[in-house]
Amino acid sequence: MLSYRHHYHSSHVFSHHHNRIFTATLHLSTPTTRPHLLTITSCSQNHHKTPQSPQPTTNPTTTETEISRKHNAKSMALLLRHLSNPQIQQPLQSQEDPSISQQDKIKLLEMSLVRKKTPQFPGSIYVQSPSDADVNSSLPPLQRLFDGDDDNEEMLMRALEIRRSVTVEIFKEAMRKGKFGITYYTNLISRSPEFVDYVMIKAASMKQLPEYLESTFNVRARIVIDESNVVPLIRWLKHNSLSYPQIAKLICMSRGNLDSIRNVVEWLKSIHVRGRFIGVALTKSGKNVLEHSEEELDEIVGYLESNGVSREWMGYVMSRCPQLMSYSMEELKSRVQFYLDMGMNDKDFGTMVFDFPKVLGHFSMEEMKQKVGYLMEFGFSNEDVGRLLAFKPQLMACSIEERWKPLVKYLYYLGISKDGMRRILAVKPMVFCVDLESTIVPKVQFLRDIGVREDAIGNMLVKFPPLLTYSLYKKIRPVVIFLLTKAGVTQRDIGKVIALGPELLGCNITHKLDVNVKYFLSLGIPFRSLGEMVADFPMLLRYNIDVLRPKYRYLRRIMVQPLKDLIEFPRFFSYSLEGKIIPRHKIMVENRVNFKLRYMLAGTDEDFDERVRAAVERRQRFELGIADNDPAESQTDDSIESASFEFSIDDCSSTDTQTEENSQRLISSQ
């Protein structure tokens, strides 16, 4: 028996059919069954107690069923015409099992699994919401969608997607109740598919429990979300400066154990990890960090602290290398012992980990051993590599194939030997950490452009490796321009100046070079002569004024040497005043000889003594020759020269005994 009921909402039909009952009796017959009597009644929704017409008498052998159906007139007329035509009548059994198309199957799945109620329309055949009371009588059973079809897997996947969408909507509803913005929780839930699947599976498994046997999926999913306390946890993590991608990743990593997230966050805050680094440490530490207990994490911190890593540094180390939290104690001990075996003490190891925490936990043991072996090929011992890594642990972050080998090949092309590369590594290991194409090659090309010879570039880089780490446009070019415009160096000599004194490129223009240039110009040295002095001795501009001033005063006031001698020999300022200038000047005065600055200071002490003896012999021969020809003139000259040298000796002796006092008086007098 089939019955159809529908309410016609039109006011016109309502007035037309008010207080009126229409009864129709139809006989349906099939070849195998006896005729059935179907009675369809159409009436108003607001039916009052109106007397009904007498029902027609039926055959006793015929079963009569009268069911009221609220329907509109047009649908009723169509149904009566359809049922009264014997050519188009179908057997009742065939109507109970119609064939369902693929599109209708999808619609039926959505109608059965959707969470929200779909608006109805007049004349609808199926009830559109699973929450309706007569949904089971209106919708066909889901088993009929999968019986006898080859695409069962596709339909099951479709049903799974619909159920996942329902879970997402329930999750969004919980987030809305938690006062989250629509954009925020939409983005967060879209990044949490694992947690949505966890809720869906958990809610489906709850169906087996007796207390949830009669409950719907929506109710069970809502219970799972509420009991997990995921919404308060998201609020708390957001308060601790975690972004929604980090929160979503943590929720997926927890695998339903959301309490572990709160425990690890509290532990990180206890070791002084603050702000956004909490999220960074958790998301980059590894999937098993949430499986560690607080006792295991405290054991990791205690072991690092026992090997030189200060407790105050622990938050910084863990936030920059969160992989340490996911290691077992055995693996952590093997990594620490790897560096201690290279001769590091606790202090060196602790400062190395603080300077670059990734050196301990970011790289695999095999990769670390390969890099140490490659550095030893330059002639370093195992202990030398340990000291090198303690000084510059960033070397561990460099790739052998992508960075070191191309750099070594390029340095070899510049004429630098393995010993030179070893010196570059020892003096400035950062050179092996910079990019070759963007940092080193442009600097070398600039040196070629200013006139540095090709064979001098390699020696220049070995002499001053920090040059390769300076900025070309902020450091090197400004110094070259200053030397050309303010220091009197010609364009022809600038390449020579840089090749002989590459250290000038590391000097500050305002506080060093400009101050020295102004001092030399104040002494009366011409601008072009100063450029020649710098070309002959570039280090002249690197000395402090406090070192230059006492030497210049001694030269001019005690030695009484002309400024021309200083211009011809600017290296005079490179010699020690007490260690070489004053002792040699004293010897010259005692032996009554005089040399230019170049011959006075250059050479070893033995060479200087030999030079003095030769000058004394020449003077004695000269004096004897003069004495034989004119004894009186020779005596006068000797007395004058003797008096002159006696005055110089007295001055020199006083200088030897009171060097510090004289230097201070000379400085203060200027």
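Residues numbered from 1 in each chain as written. Predicted model: local features only at pLDDT ≥ 70, side-chain atom pairs only at ≥ 80, totals over all residues. Heavy atoms only, no water.

- Going by the annotation in an unreviewed UniProt entry, the name recorded for the protein is Mitochondrial transcription termination factor family protein, with Actinidia rufa given as the source organism.
- According to UniProt, the comment filed for the protein under the heading Sequence similarities (unreviewed entry) is "Belongs to the mTERF family." (UniProt positions renumbered as here; feature names shortened; annotations may be inferred.)

### Side note on the side chain of Asn307
Link 1 in the chain: For Asn307, the position within the fold is in the loop between helix 15 (294-306) and helix 16 (314-320).
Link 2 in the chain: In this structure the side chain of Asn307 is engaged in a polar contact, spanning 2.8 Å, whose partner is the backbone oxygen of Tyr303.
Link 3 in the chain: Apart from residues no more than four positions distant in its own chain, Asn307 is found in contact with Val336, Leu340, Asp346, Phe349 and Gly350. (Helix = DSSP H or I, 4+ residues; strand = E, 2+ residues; numbered from the N terminus. Polar contact = N/O pair within 3.5 Å; in protein donor to acceptor, adjacent residues only side chain to side chain. Contact = heavy atoms within 4.5 Å.)

### A word on unusual backbone geometry
Link 1 in the chain: Positive phi outside glycine occurs at Lys179, with the angle close to 65°.
Link 2 in the chain: As for its placement among the helices and strands, Lys179 is situated in the loop between helix 7 (152-177) and helix 8 (182-190).
Link 3 in the chain: A positive phi angle, close to 55°, is found at Asn229, a residue other than glycine.
Link 4 in the chain: Within the secondary structure layout, Asn229 lies in the loop between helix 10 (217-228) and helix 11 (230-239).
Link 5 in the chain: Here Asn229 falls in the partly exposed class, since its relative accessible area comes to 45%. (Buried < 20%, exposed > 50% of the residue type's maximum accessible area, 1.4 Å probe, protein only.)

### With respect to the pattern of salt bridges
Link 1 in the chain: With the rule as written, the count across this model stands at 19 salt bridges.
Link 2 in the chain: Among the ionic pairs, Arg549 bridges to Asp546, the shortest N-O distance being 3.9 Å. Here Asp546 and Arg549 lie together in helix 30 (residues 545-558), a separation of three residues that amounts to about one turn.
Link 3 in the chain: One salt-bridge network, in which partners are shared between bridges, spans Glu161, Arg164 and Asp197. (Salt bridge = Lys/Arg side-chain N within 4 Å of Asp/Glu carboxyl O.)

### Some points on helix 11
Link 1 in the chain: Three or more residues of helix 11 are buried, namely Val230, Val231, Leu233, Ile234, Trp236 and Leu237.
Link 2 in the chain: Positive phi appears at Ser241, one or two residues downstream of helix 11, with a value of about 70°.

### Observations concerning helix 20 (residues 365-376)
The periodicity of an α-helix, 3.6 residues per turn, causes residues three or four positions apart to be oriented the same way.
Link 1 in the chain: Here helix 20 is 12 residues long and its end C-alpha atoms lie 17 Å apart, about the 16 Å a rise of 1.5 Å per residue gives.
Link 2 in the chain: The secondary structure elements touched by the buried residues of helix 20 are helix 17 (329-340), helix 19 (358-361), helix 21 (382-391), helix 22 (400-413) and helix 23 (418-427). (Expected span 1.5 Å × (residues − 1).)

### Thoughts on the packing of helix 12 (residues 244-254) against helix 14 (residues 277-285)
To characterise two packed helices, one gives the angle between the axes of the helices and the distance between these axes.
Link 1 in the chain: Interaxial distance between helix 12 and helix 14 falls to 10 Å at its minimum, and their mutual angle equals 40°. If you check the angle between helix 12 and helix 14, you find them oblique. Handedness of the crossing formed by helix 12 with helix 14: left-handed. Listed contacts from helix 14 to Gln246, Lys249, Leu250 and Met253 of helix 12 are Gly279, Val280, Leu282 and Thr283. (Axes fitted to C-alpha atoms, helices over the stretch in contact; angles between N-to-C directions. Parallel < 35°, antiparallel > 145°, perpendicular 65-115°, else oblique. Left-handed = near helix turned anticlockwise from the far one by under 90°.)

### Here we look at the packing of aromatic side chains
Link 1 in the chain: For the structure on display, the rule yields 19 aromatic pairs.
Link 2 in the chain: A ring pair is formed by Phe338 and Tyr339, whose centres lie 5.2 Å apart and whose planes are at 85°; its orientation type is edge-to-face. Like Phe338, the residue Tyr339 is buried in the burial classification.
Link 3 in the chain: Ring centres of Phe537 and Tyr543 lie 6.2 Å apart, and the angle between their planes is 25°; on these two criteria the pair is classed as stacked.
Link 4 in the chain: Through a chain of ring-to-ring contacts, three or more aromatic side chains come together here, namely Tyr374, Phe378, Trp404 and Phe432.
Link 5 in the chain: Lying over the aromatic face of Phe180, Arg235 brings its terminal NZ or CZ to 4.1 Å of the ring centre.
Link 6 in the chain: Above the plane of the ring of Phe363 lies Lys371, whose end atom (NZ or CZ) is 4.6 Å from the centre. (Phe/Tyr/Trp six-rings, centres within 6.5 Å; stacked < 30°, edge-to-face > 60°. Lys NZ or Arg CZ within 6 Å of the ring centre and 35° of its normal.)

### Things to note about the side chain of Thr167
Link 1 in the chain: Mapped onto the secondary structure, Thr167 falls in helix 7.
Link 2 in the chain: Beyond its immediate sequence surroundings of up to four residues, Thr167 is in contact with Val196, Val199, Met200 and Phe217.

### Some points on the packing of helix 11 against helix 13 (residues 259-270)
Link 1 in the chain: As a packed pair, helix 11 and helix 13 sit with axes 11 Å apart at the nearest point and diverge in direction by 20°. Judged on the interaxial angle alone, helix 13 and helix 11 are roughly parallel. Of the two elements, helix 11 crosses helix 13, and the hand of that crossing is left-handed. Across the interface between the two elements, Pro232, Leu233, Trp236 and Leu237 from helix 11 touch Ile261, Arg262, Val265 and Glu266 from helix 13.
Link 2 in the chain: A class-by-class count of the residues in the contact of helix 11 with helix 13 yields six nonpolar, no polar and two charged. (Nonpolar A, V, L, I, M, F, W, Y, C, P; charged D, E, K, R; others polar.)

### Quick notes on the nonpolar core
Link 1 in the chain: With 170 residues, the main nonpolar core has Tyr339 and Leu483 as its most contacted residues.
Link 2 in the chain: Among all residues touching Leu483, those that are not within four sequence positions of it are Gly488, Val489, Ile494, Val497, Ile498, Leu504 and Leu541. (Core = buried A, V, L, I, M, F, W, Y, C linked by side-chain atoms within 4.5 Å.)

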